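One letter stands for each residue in the lines below.
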Amino acid sequence: MAPTSPSSASRLLLVLSLSLLLLTSAHQLTPSPAVPRSKHATSGISPELVSTLRETLGAVRDVMSIISAFPVVGGILGGGDLRLSSAVADCLDLLDLSADELSWSMSAASPAASAAGAGDAAARSGGTGDAHADLRAWLSGALGNQGTCKEGLDDTGSPLGALVSAGLQAVTSLLADGLGQVVTGQAATVSSSRSARGRGLSQGPRWLGHRERRLLQMAVGPGGMAVDAVVAKDGSGNFTTVGAALDAAPSESAGRHVIYVKRGVYEETVEVKKKKWNVMLVGDGIGATVITGRLNYVDGYSTFRTATVAVNGKGFIARDVTFENTAGPAKHQAVALRCDSDLSVFYRCSFEGYQDTLYAHSLRHFYRDCLVTGTVDFVFGNAAAVFQNCTLLARAPLPDQKNSVTAQGRVNGSMNTGFAFQFCNVSAHDDLLRALQSNQTGKPTQTYLGRPWKAFSQVVFMQSYIGAVVRPEGWLAWEGQFALDTLYYGEYMNTGPGAAVAGRVKWPGFHVMTSPAEASNFTVAEFIEGNMWLPPTGVRFTSGLAS
């Protein structure tokens, strides 16, 4: 049965009521007086930044309380509107993540943390031990969350988007101010151990114990990796679904919790909740252990909510697993995996779909020996992510669609975010090759390395193979002149028939990098502080540029 539409009078009454709710909460959204300097101010961070972070956390909680008050699910505003209920759920999850990221920032910079040392601070906050890099990463993640929330609400056409717009903008402005303080050095008292990265591999964060060493290189089973839970469709394990195993995992675990998912196709929508820290999923290989779903935008879900697997808990690792969304190109946005897990690793995994396959939404990720397939913007989001030795295959899209490998969403030049592809292979999927061979229109599919989803979009391809599938221009404009002078797109020492740069776009933000020093900014060591946290996992990685 279709949901009953409220009358015009009811709609007016509802809008007036919601407006009153917003007005009564407006005093909460007005910036509070700055916290005065104190001789006992936080020793590891400037008092100004402490004040900004506290004020921002309060503003985030105020907006959450307003959104939570709306009767969306089953109520007059929401009714049966799946997209609206999805957008509201997204906002609450995203603002909750922002609150956590702000709390981590204040914890890592607290006087107790400074006295105990960076490593112990990292143990509590889950960072690398480099306080400056961690603060920048967490505040970048929090800054991006409000935009995702607002876009989802605006897409519904609901008055809720307009009613909370001022509150979301207040949060965004405060976060931009705090991030600017970190980047410009106004928070210069924040300790940093960046120099250690230049001297070689560290031993990794102190909170990781002996069990974490070289987990990604160990075999599963007797004599190999010890596992905490086994998922098997045939009932031979502890659980028959991945979701049940994740629900049973400990919360806020400082140690690694390993879940072995046996060979099989698991048709389920899975979430690694934000309190499920340090979870590791181990499968039997790409195409052998498959987690699959088909949620999509056309059927009413927000893009954020379409993910077959959504990862929020920090320190997540996956090995030998396929993440899949089978909705197909006609369903448009359909995410296979969405990741908001800081310091997460994906090793020998595949992400298979069409539009918006891999949503690297926020924080720091590393992908090694992975496969990603898709059509439009099939690696997108606003994470700081490095892809090494990965294969990116463009598939056959809908008629007249153009393929874009990336759509990176950096919204502020102070953010640490972007996508760096090193030793990767960009080529055509078999279904695109077949489509090209049978093409009767004379208008072959056009494939590009990326397009600027947001104003400061940042993507580089380094020391990679670019196949003939990529157009000579290399990059595609989003709309008109948008972002062409503020984006940063770079290419460095690539090979292959699609790697020639003579015909590339002439945008101010496009760079043919010739300096190793410039390209080094996008390496594992420099871009995601990988030397600080990757060694204990055992994943293979190249710290800098190949000689």
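Residues numbered from 1 in each chain as written. Predicted model: local features only at pLDDT ≥ 70, side-chain atom pairs only at ≥ 80, totals over all residues. Heavy atoms only, no water.

Visitor: Account for the state of the cysteines, naming residues and giving values.
Guide: Counting across every chain of the model gives 1 disulfide. Here Cys 390 is not cross-linked by a disulfide; its sulfur's nearest cysteine counterpart is in Cys 370, at 4.7 Å. Taking relative accessible area as the criterion, Cys 390 reaches 1% and is therefore assigned buried. The thiol of Cys 424 is unpaired, and the distance to the nearest cysteine sulfur, on Cys 390, comes to 4.8 Å. (Disulfide = S-S within 2.5 Å. Buried < 20%, exposed > 50% of the residue type's maximum accessible area, 1.4 Å probe, protein only.)

Visitor: Can you tell me about empty space enclosed by the protein, naming the residues and giving the values?
Guide: Per the counting criterion, the structure on display carries 1 cavity of 30 Å³ or more. Of the voids in this model, the largest cavity is the one considered here, and its volume is about 30 Å³. Contributing to the lining of the largest cavity are Leu 97, Asp 100, Trp 104, Lys 274, Trp 277, Asn 312, Gly 313 and Lys 314. A breakdown of the residues in the lining of the largest cavity according to their chemical character gives 3 nonpolar, 2 polar and 3 charged. (1 Å grid on protein atoms, 1.4 Å probe; cavity = no way out; pocket = protein on both sides within 12 Å on 5 of 7 lines; lining within 4 Å. Points joined across faces, edges and corners; volume = space filled by probe spheres on them. Nonpolar A, V, L, I, M, F, W, Y, C, P; charged D, E, K, R; others polar.)

Visitor: Could you give an account of the sheet that holds strand 5 (residues 279-282), naming the residues involved and the relevant values?
Guide: Sheet architecture is open: 11 strands sit in the order 1-2-5-8-11-14-17-20-23-25-26, paired in parallel fashion. The sheet is open, and its two edges are formed by strand 1 (229-231) and strand 26 (510-512), each paired on a single side. Neighbouring strand axes in the sheet, compared pairwise and without regard to direction, differ in orientation by 10° on average. (Pairing = 2+ DSSP bridges. Helix = DSSP H or I, 4+ residues; strand = E, 2+ residues; numbered from the N terminus. Axes fitted to C-alpha atoms, helices over the stretch in contact; angles between N-to-C directions.)

Visitor: Describe in detail the pattern of salt bridges, supporting the description with residues and values.
Guide: Oppositely charged side chains can form a pair if their charged atoms are brought close together. A full pass over the atoms with the stated rule returns 21 salt bridges. The closest approach of N and O atoms between Glu 252 and Lys 275, which form a salt bridge, is 3.1 Å. In this pair, Glu 252 sits in the loop between helix 8 (242-248) and strand 2 (257-261) while Lys 275 sits in the loop between strand 4 (270-272) and strand 5, placing the two residues 23 residues apart along the sequence. The closest approach of N and O atoms between Asp 377 and Arg 451, which form a salt bridge, is 2.8 Å. Within this pair, whereas Asp 377 is found in strand 16 (residues 376-381), its partner Arg 451 is found in the loop between strand 22 (447-450) and strand 23 (458-462), the two being separated by 74 residues in sequence. One exposure class covers both Asp 377 and Arg 451, and it is buried. (Salt bridge = Lys/Arg side-chain N within 4 Å of Asp/Glu carboxyl O.)

From the geometry alone we can't say anything about function, so treat these as descriptive.
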